[in-house]
Amino acid sequence: MTPNSLSSWSALKAHYEHIRDARLRDWFAADSGKPSRAERFTFEGGGLAADFSKNRITEETLSLLVALAREAGVEKRRDAMFAGEIVNPTEGRAALHTALRATRADAPYHAEVAAERGKMAAFAERVRNGAWTGYTGKRIRHVVNIGIGGSDLGPKMVVHALDHLSHPEISTYFVSNVDGADLARVMDRIDAEETLVIVVSKTFTTLETMTNARSLRDWFVAKGCPESALAKHFVGVSANPAEVVKFGIAHDNVFQMWDWVGGRYSLWSAVGLSIMIAIGPLQFDALLAGAAGMDAHFREAPLERNLPVLMGLVGIWYRNFFESQSYLVAPYSEALHFLPSYLQQLEMESNGKSARLDGGFVDYPTSAVTWGEPGTNGQHAFFQMLHQGPTIVPIDFIAVLRPEHPLASHHPKLLANCFAQSEALMLGRTVDEATRVAGPDKPELVPHLVFPGNRPSTTLLLDALTPGSLGALIALYEHKVLVQATVWNINPFDQWGVELGKILGKVVEADLTAPVFDPAKHDSSTSALIERARSAAKAN
Ligand code: F6P
């Protein structure tokens, strides 16, 4: 199946030609209807609200997009995922991140999931209440999560987002980069006697994670921790427990994840141990419950009012019909600082693919480049381009209605900026308006004061930033990715594209350190780079 051979796709193409030049400001101005355009295009689910009205869509657009989702089999694929079918055929696996937050006892793997969560909760409580101590009997005050990609970005994003709920005596650090500067920075801030290290790696073979874990283990020993007491300071999370034990982590300190959970979908599992230690098991349960609420909405709401479906389809509308190259996530929330980088992996590692599920390659664009930065910071950096550059970048604005901090007077300023940006991008400023602003003395300024407008955005609203609303928000994006993958007929659950660089990386690493180097092994550019690095190392 290729989506561009479906009848709904052809209908969308014709519809696109019809409305491509229509202007949002005209639609709003002409909208005397009750309910209003805003009401007609705002949908709710899982406790979140999404205002799609500033998108370049009409009712007809949405109904054609929903027809595309139906024709492409979104409902079937969704149900197959929840049922635990092999929806990741290239790795022969299910993708059951939803089972990690399911409450029903008949959900797949319910007993295993509950047992592991119970083990996590017991451990987290001991760390939080000081019963778990380091080798000199002191309580744990520093938790270091060592992992990368899905074993880092999700927990880091959530721990930062829910910092207002975190244990007052425990600080959490995340080390991911193989650049020693990352670990060295954390080593400077922690005290070995009071530090717990969580080594998180699904495979437990990842170069960055294993390098950092070994260096930190050596550091503990150098600081005076007896080898026999390392079990008090190291726990592991992996789907490969044998490797964890081989590394030297005590069998009792191994937390299980499973091959039916993808790395970038895994924060709900023991990969989220750092989250649970930071906010406690009850709040972790609330995070899961929020995601479960979005799961229920995704499964049960009609496609016409289904948030993940609509978000996925609106993304396809811009990517495949307007041919936009990227889309921006702008959380107006410092707490959601790491949401864009988390979503970069979720969206681009999942849907940055060309091989179709039924063989052959796509001849249509798949994942857009996902990028973002919290507002209002982005306004003082790249929003100039969004307003007046020639490229259209669709945006997800995310706003939290009630602040999670005591500086309440800041909040109206934050929200005002968020809402005003979407309004300005949509309205733009016409030549007439710009002429009035320029005044009679400065006609040469007019072109610089014109804003093309008609720049689309969706605004997602969270009532407050709680574990529940955050869980729902993350699940919303997870399911959006599945919807898009289904229409594009690609597998969102594998990541073959990361392999080649890893293989060549090992060869280059050996060449950097070998006594003799044969430049004929590589292209002239790579060999020259290796030779420069070898010379620099010798000079060191
Ligand atoms: O190289 C990409 C990747 O495999 C991601 O998919 C994954 O989240 C990350 O590396 C870390 O993998 P692991 O948890 O096995 O260390």
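Preceding this paragraph is the structure being described.
Residues numbered from 1 in each chain as written. Predicted model: local features only at pLDDT ≥ 70, side-chain atom pairs only at ≥ 80, totals over all residues. Heavy atoms only, no water.

## Topic: the packing of aromatic side chains
Point 1. Counted by the stated rule, this structure contains 22 aromatic pairs.
Point 2. Judged by centre distance (5.9 Å) and plane angle (50°), the rings of Tyr332 and Phe397 are tilted. Taken together, the residues Tyr332 in strand β8 (residues 326-332) and Phe397 in strand β10 (residues 395-402) connect sequence positions 65 residues apart.
Point 3. Grouped by ring-pair contacts, the aromatic residues Trp9, Tyr16, Trp317, Tyr318, Phe321, Phe322 and Tyr364 constitute a single cluster.
Point 4. Cation over ring: Lys119 sits above Phe255, and NZ or CZ is 4.9 Å from the ring centre.
Point 5. Cation over ring: Arg217 sits above Phe247, and NZ or CZ is 4.3 Å from the ring centre. (Phe/Tyr/Trp six-rings, centres within 6.5 Å; stacked < 30°, edge-to-face > 60°. Helix = DSSP H or I, 4+ residues; strand = E, 2+ residues; numbered from the N terminus. Lys NZ or Arg CZ within 6 Å of the ring centre and 35° of its normal.)

## A short note on the site of the ligand
Point 1. Surveying the vicinity of the ligand reveals 13 residues, the closest of which are Ser151, Ser201, Thr203, Thr206 and Glu349.
Point 2. Taking Ser201, its side chain carries an N or O atom lying 2.6 Å from an oxygen atom of the ligand.
Point 3. Lys502 is positioned such that a nitrogen or oxygen atom in its side chain is 3.0 Å from an oxygen atom of the ligand. (Near = heavy atom within 4 Å. Polar contact = N/O pair within 3.5 Å; in protein donor to acceptor, adjacent residues only side chain to side chain.)

## Structural notes on the environment of Glu44
Point 1. Among the structural elements, Glu44 can be located in strand β1 (residues 42-45).
Point 2. Linking Glu44 and Gly428, residues 384 residues apart in sequence, is a C-alpha distance of 28 Å.
Point 3. In this view, Glu44 contacts Ala49, His297, Arg305 and Leu307; residues no more than four positions away in its chain are not counted. (Contact = heavy atoms within 4.5 Å.)

## Brief notes about the sheet that holds strand β3 (residues 142-146)
Point 1. Across the sheet, which stays open at both edges, the five strands sit in the order β4-β3-β5-β6-β7 with parallel pairing between neighbours. Among the strands making up the open sheet, the edge pair consists of β4 (171-175) and β7 (254-256). For this sheet, the mean inter-axis angle between neighbouring strands, taken without regard to orientation, is 20°.
Point 2. By the bridge criterion, five bridges tie β3 to β4 in an arrangement that is parallel. Following the sheet pairing, Asn145 is matched in β4 by Phe174.
Point 3. Its contacts with the sheet place helix α8 (residues 180-187) against β3 and β4, and it is angled at close to 165° to β4. (Pairing = 2+ DSSP bridges. Axes fitted to C-alpha atoms, helices over the stretch in contact; angles between N-to-C directions.)

## Describing a nonpolar patch on the surface
Point 1. Taken together, the side chains of Leu500, Ile503 and Leu504 make up a nonpolar region of the molecular surface, amounting to roughly 310 Å² of accessible area.
Point 2. Turning to its location among the elements, Leu500 is positioned in helix α20 (residues 499-513). (Patch = residues over 30% accessible without salt bridge, like charges linked within 9 Å, V, L, I, M, F, W, Y side chains within 5 Å. Areas by Shrake-Rupley, 256 points an atom, 1.4 Å probe, with all protein chains shown as cover. Salt bridge = Lys/Arg side-chain N within 4 Å of Asp/Glu carboxyl O.)

## Description of the sheet that holds strand β9 (residues 369-372)
Think of a sheet as strands paired side by side through backbone hydrogen bonds, with each pair either parallel or antiparallel.
Point 1. Strand order in this open sheet of six strands is β1-β2-β11-β10-β8-β9, and the pairing throughout is mixed. If you trace the sheet from one side to the other, it starts and ends with β1 and β9, each paired once. Within this sheet the neighbouring strands show an average axis-to-axis angle of 20°, counted without direction.
Point 2. In this structure, strand β2 (residues 48-51) lies alongside strand β11 (residues 457-464), joined through three bridges in antiparallel fashion. Paired with Asp51 across the bridge in β11 is Thr459.
Point 3. Against the sheet, helix α19 (residues 467-488) touches β2, β8, β10 and β11, its axis set at about 150° to β11.

## Brief notes about the nonpolar core
Point 1. Core analysis: the largest hydrophobic core is formed by 114 residues, its most contacted members being Phe52, Ile277, Trp317, Leu470, Leu473 and Tyr477.
Point 2. Considering each element in turn, this core owes the most residues, 13 residues, to α19.
Point 3. With sequence-adjacent residues up to four places away left out, Leu470 is seen in contact with Met157, Val158, Ala161, Leu162, Leu287, Leu336 and Leu465. (Core = buried A, V, L, I, M, F, W, Y, C linked by side-chain atoms within 4.5 Å. Buried < 20%, exposed > 50% of the residue type's maximum accessible area, 1.4 Å probe, protein only.)

## Some points on the pairing of β8
Point 1. In terms of burial, β8 is a largely internal element, seven of the seven residues being buried.
Point 2. Covered by surrounding structure in β8 are Ser326, Leu328, Ala330 and Tyr332 together with Tyr327, Val329 and Pro331, the residues of both alternating faces.
Point 3. Sheet topology places β8 next to β9; four bridges connect them, and they run parallel. Along β9, the bridge assignment pairs Ser326 with Val369.
Point 4. In this region the chain leaves β8, passes through helix α14 (residues 339-351) and returns to the parallel neighbour β9; the handedness of that crossover is right-handed. (Right-handed = clockwise from strand over helix to strand, strands pointing away.)

## As for the pattern of salt bridges
Two side chains that carry opposite charge are able to pair once their charged atoms sit near each other.
Point 1. Within this structure, the stated rule accounts for 23 salt bridges.
Point 2. We note a salt bridge from Arg20 to Glu17, for which the minimum N-O separation is 3.5 Å.
Point 3. For Arg20, a relative accessible area of 34% translates into the label partly exposed.
Point 4. Close ionic contact of Glu349 with Arg264 constitutes a salt bridge, the shortest N to O distance being 2.7 Å. Here Glu349 is found in helix α14, whereas its partner Arg264 is found in the loop between β7 and α11 (273-279), with 85 residues between them in sequence.
Point 5. Here Glu349 falls in the partly exposed class, since its relative accessible area comes to 23%.
Point 6. The exposure class of Arg264 is buried, given its relative accessible area of 4%.
Point 7. One connected set of salt bridges, linked through shared partners, spans Glu17, Arg20 and Asp21.

## A few points about the packing of helix α12 (residues 281-300) against α19
Point 1. Two elements in contact, α12 and α19, have axes separated by 7 Å at closest approach and are oriented at 40°. Judged on the interaxial angle alone, α19 and α12 are oblique. Between α12 and α19 lies a crossing of right-handed hand. Here Gln283, Ala286, Leu287, Gly290, Ala291, Met294, Asp295 and Phe298 of α12 lie close against α19, whose contacting residues are Pro467, Gly468, Leu470, Gly471, Ala472, Ala475, Leu476, His479, Leu482 and Val483.
Point 2. Among the residues making up the contact of α12 with α19, the classes are represented as 12 nonpolar, five polar and one charged. (Parallel < 35°, antiparallel > 145°, perpendicular 65-115°, else oblique. Left-handed = near helix turned anticlockwise from the far one by under 90°. Nonpolar A, V, L, I, M, F, W, Y, C, P; charged D, E, K, R; others polar.)

## A few points about the pairing of strand β6 (residues 234-238)
Point 1. The element β6 is extensively covered by neighbouring structure, given that five of its five residues are classed as buried.
Point 2. Across the two faces of β6 the burial is the same, with Phe234, Gly236 and Ser238 and Val235 and Val237 all buried.
Point 3. Inspection of the sheet shows strand β5 (residues 195-200) paired to β6 by four bridges, in the parallel sense. Across the sheet, Ile198 pairs through a bridge with Val235, a residue of β6.
Point 4. This β-α-β element, β5 to helix α9 (residues 207-222) to β6, shows right-handed connectivity.

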